[in-house]
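Notes for the structure review
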Amino acid sequence: MRAVEFQEYGAPEVLKVVEAETPEPGPGQVTIDAVYAGVNFADLKARAEGYRVESLPYRPGLEVSGRVRAVGDGVEGLRPGQEVAALVGGGAYAEVVVADAVTVFPLPEGLDLRTSATLPTVVPTAHALLHEVGRLRAGETVLVHGAAGGIGTVAGQLARAAGASAVYGVVSSAAKAEHALKHGYDEVFTTDTFADDVRRVTGGRGVDLVLDPVGGDTLQRGLDTLAVFGRLVSFGNASGSEPWHVGQPELYARGRSVGGFSVLSLAQSAPEALRALAERAFRTVADGTVNLPVTAEFALSEAAEAHRLMGGRTSTGKLLLRISG
Ligand SMILES: NC(=O)c1ccc[n+]([C@@H]2O[C@H](COP(=O)([O-])OP(=O)(O)OC[C@H]3O[C@@H](n4cnc5c(N)ncnc54)[C@H](OP(=O)(O)O)[C@@H]3O)[C@@H](O)[C@H]2O)c1
């Protein structure tokens, strides 16, 4: 079978199509004949700097849709030929993908394989950021960084559906603002001025919840935009900054809280909790609350192009690799 791997860290060119042995499922696993794979920012981080990579060569890809090919010992409720979407720890850039059955999902009602490939990573994550960790209540205000990207597109719509009184987004360029404004956001600011903008539009009060995938200085400035009793949820480090350690002085004065979330870590530490979260989150797509547009689709052999587009910070919504069919 064909797969995309890298032997060394670097620019998108390190992604190569290889002929690989077709895998068989172990106990508790299935293999999937892949039709689409989603592209995530974490795939770029893996390729460029080894994020979550244990050894080389490495095959990226965290989410896939397709048909169950074979079922391992002990797996119940999945059968060969069934259409599914799956969250995997890596390896989805391939014609055949191995997945733990606990994170393999029958397609949500009414959704096709193409849409379903976009869901496993970002939809449960956005749901968890707002609800399970961020504990958003109706009437509160929210600020989301990376508002036009995969997570951001979902988070804006979910925040609005939860009754947020205002949903603010942050993007790196004005060109991306239009996309965010169509997906739940009331106003969109740019990275350099967002803290002042938040103070201006909230009359100095600040926001109740900040979702931060950037880290570093952006995280620090986000903390300063929190209202009394505000929460910030850290879920990425796109800036590549040193990890920031939360200290008492930043938190005590106004009763602020900082939380964190990683969908991949949850899949390892509490897979049943991740499954329940994903099922809740997928319903918001099936019932039309959330629309996550695919804005570009590439052949498997063009994975480097997809990485260039996302890495150039001009992509919006979701990028897909078309693997077969
Ligand atoms: N913790 C989790 O469970 C989890 C799960 C999924 C994703 N994530 C994180 O969520 C973020 C979005 O992921 P995605 O896959 O949906 O990607 P995406 O948002 O579709 O695309 C990448 C995003 O990163 C931002 N970005 C790129 N380079 C950056 C830089 N140097 N500094 C700051 N921002 C930069 C871009 O926003 P602008 O150009 O507008 O700034 C863009 O929105 C990523 O940071 C990812 O690691 C975390």
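Residues numbered from 1 in each chain as written. Predicted model: local features only at pLDDT ≥ 70, side-chain atom pairs only at ≥ 80, totals over all residues. Heavy atoms only, no water.

**Some thoughts on the UniProt feature "domain: Enoyl reductase (ER)" (unreviewed entry) in the protein chain**
UniProt marks residues 10-321 with the feature "domain: Enoyl reductase (ER)" (unreviewed entry), using the numbering shown here. Strand forms 26% of residues 10-321 and helix 32%; the C-alpha atoms that close the span are 20 Å apart. (UniProt positions renumbered as here; feature names shortened; annotations may be inferred. Helix = DSSP H or I, 4+ residues; strand = E, 2+ residues; numbered from the N terminus.)

**Considering helix H7 (residues 216-223)**
Where H7 is concerned, the buried positions are Gly216, Thr218, Leu219, Gly222 and Leu223. Looking straight down H7, one finds its buried side chains confined to an arc of 160 degrees; they lie on one side. Packed against the buried residues of H7 are strand S8 (141-145), helix H6 (194-201), strand S11 (207-212), strand S12 (226-234), helix H8 (248-252) and strand S13 (257-260). (Buried < 20%, exposed > 50% of the residue type's maximum accessible area, 1.4 Å probe, protein only. Arc of directions from axis to C-beta. Contact = heavy atoms within 4.5 Å.)

**Here's the deal with the nonpolar core**
Of all hydrophobic cores here, the largest spans 43 residues; its most connected members are Val123, Leu130, Val142, Val154, Tyr185 and Leu211. Those elements that provide at least two residues to this core are helix H3 (119-133), S8, helix H4 (150-161), strand S9 (166-171), helix H5 (174-181), S11, helix H9 (263-269) and helix H10 (271-286). In terms of residue count, the dominant contributor to this core is H3 (seven residues). Built from parts of two domains, this core gets at least three residues from each of domain 1 (2-118 + 292-322) and domain 2 (122-264). Contact partners of Val142, with chain neighbours within four places excluded, come to Leu130, Leu136, Ala159, Ala164, Ala166, Val167, Tyr168 and Leu209. Leu15, Ala20, Val30 and Val96 belong to the second largest nonpolar core, which has 41 residues in total. (Core = buried A, V, L, I, M, F, W, Y, C linked by side-chain atoms within 4.5 Å. Domains from an automatic or database assignment.)

**Quick look at the pairing of strand S10 (residues 187-190)**
In regular strands, side chains alternate between the two faces of the sheet. As judged from the four bridges shared by S9 and S10, these two strands associate in the parallel manner. Of the residues in S10, the one forming a bridge with Val171 is Thr190. Taking the sense of rotation as the criterion, the β-α-β connection linking S9, H5 and S10 turns out right-handed. (Pairing = 2+ DSSP bridges. Right-handed = clockwise from strand over helix to strand, strands pointing away.)

**Some words on the pairing of strand S14 (residues 294-299)**
Two elements, S14 and strand S15 (residues 318-322), share five bridges in a ladder whose sense is parallel. When the bridges of S15 are listed, Phe298 appears paired with Leu321. Note on the crossover from S14 through helix H11 (residues 303-311) to S15: the handedness is right-handed.

**Some words on the site of the ligand**
If you check the shell around the ligand, you find 23 residues, and the closest are Ser172, Lys176, Phe261, Val263 and Arg313. For the ligand, an oxygen atom lies 2.9 Å from a polar atom in the backbone of Gly150. Residue assignment for the shell around the ligand shows that the elements contributing at least two residues are H3 and H4. In terms of residue count, the dominant contributor to the shell around the ligand is H3 (three residues). Formed jointly, the shell around the ligand draws a minimum of three residues from each of two domains, domain 1 (2-118 + 292-322) and domain 2 (122-264). (Near = heavy atom within 4 Å. Polar contact = N/O pair within 3.5 Å; in protein donor to acceptor, adjacent residues only side chain to side chain.)

**Let's talk about the sheet that holds S10**
With parallel pairing, six strands are arranged side by side in an open sheet as S10-S9-S8-S11-S12-S13. The open sheet has two free edges, formed respectively by S10 and S13, since each of these has just one partner strand. Mean inter-strand twist for the sheet, computed between neighbouring axes without regard to direction, equals 20 degrees. Here S11 pairs with S12 via five bridges, running parallel. Across the sheet, Val210 pairs through a bridge with Leu232, a residue of S12. (Axes fitted to C-alpha atoms, helices over the stretch in contact; angles between N-to-C directions.)

**Some thoughts on the pattern of salt bridges**
The tally for this structure, following the rule as stated, stands at 20 salt bridges. When the shortest N-O distance is used, the salt bridge between Lys45 and Glu49 registers 3.3 Å. Of the two residues, Lys45 and Glu49 are both situated in helix H1 (residues 41-49); the distance of four residues between them amounts to about one turn of the helix. Between Arg67 and Glu83 there is a salt bridge, with the nearest N and O atoms lying 3.3 Å from each other. Highlighted residues: Arg67 in strand S4 (residues 63-71) and Glu83 in strand S5 (residues 83-87), separated in sequence by 16 residues. The exposure class of Arg67 is partly exposed, given its relative accessible area of 36%. Here the salt bridges do not stand alone but share partners, grouping Glu13, Glu305 and Arg308 into one network. (Salt bridge = Lys/Arg side-chain N within 4 Å of Asp/Glu carboxyl O.)

**Some details on the environment of Gly38**
Residue position: Gly38 is located in strand S3 (residues 29-39). Residue classification places Gly38 among the buried positions, given a relative accessible area of 0%. Taking the C-alpha atoms as reference points, Gly38 and Leu113, separated by 75 residues in sequence, lie 11 Å from one another.

**Thoughts on the domain arrangement of the protein chain**
What the domain assignment reports for the protein chain is domain 1 (2-118 + 292-322) and domain 2 (122-264). Just the C-alpha atoms count here: the centres of domain 1 and domain 2 sit 28 Å apart. Counting residues at the interface gives 17 residues for domain 1 and 17 residues for domain 2. Together domain 1 and domain 2 conceal approximately 1200 Å² of surface at their shared face, both sides included; 63% is due to carbon and sulfur atoms. Scanning the region where domain 1 abuts domain 2 turns up zero salt bridges. Run the count over domain 1 and domain 2 and you get four residue pairs in polar contact (both at pLDDT 80 or more). The residue makeup of the side of domain 1 that touches domain 2, split by class, is six nonpolar, six polar and five charged. (Buried area = accessible area lost by both parts, 1.4 Å probe. Nonpolar A, V, L, I, M, F, W, Y, C, P; charged D, E, K, R; others polar.)

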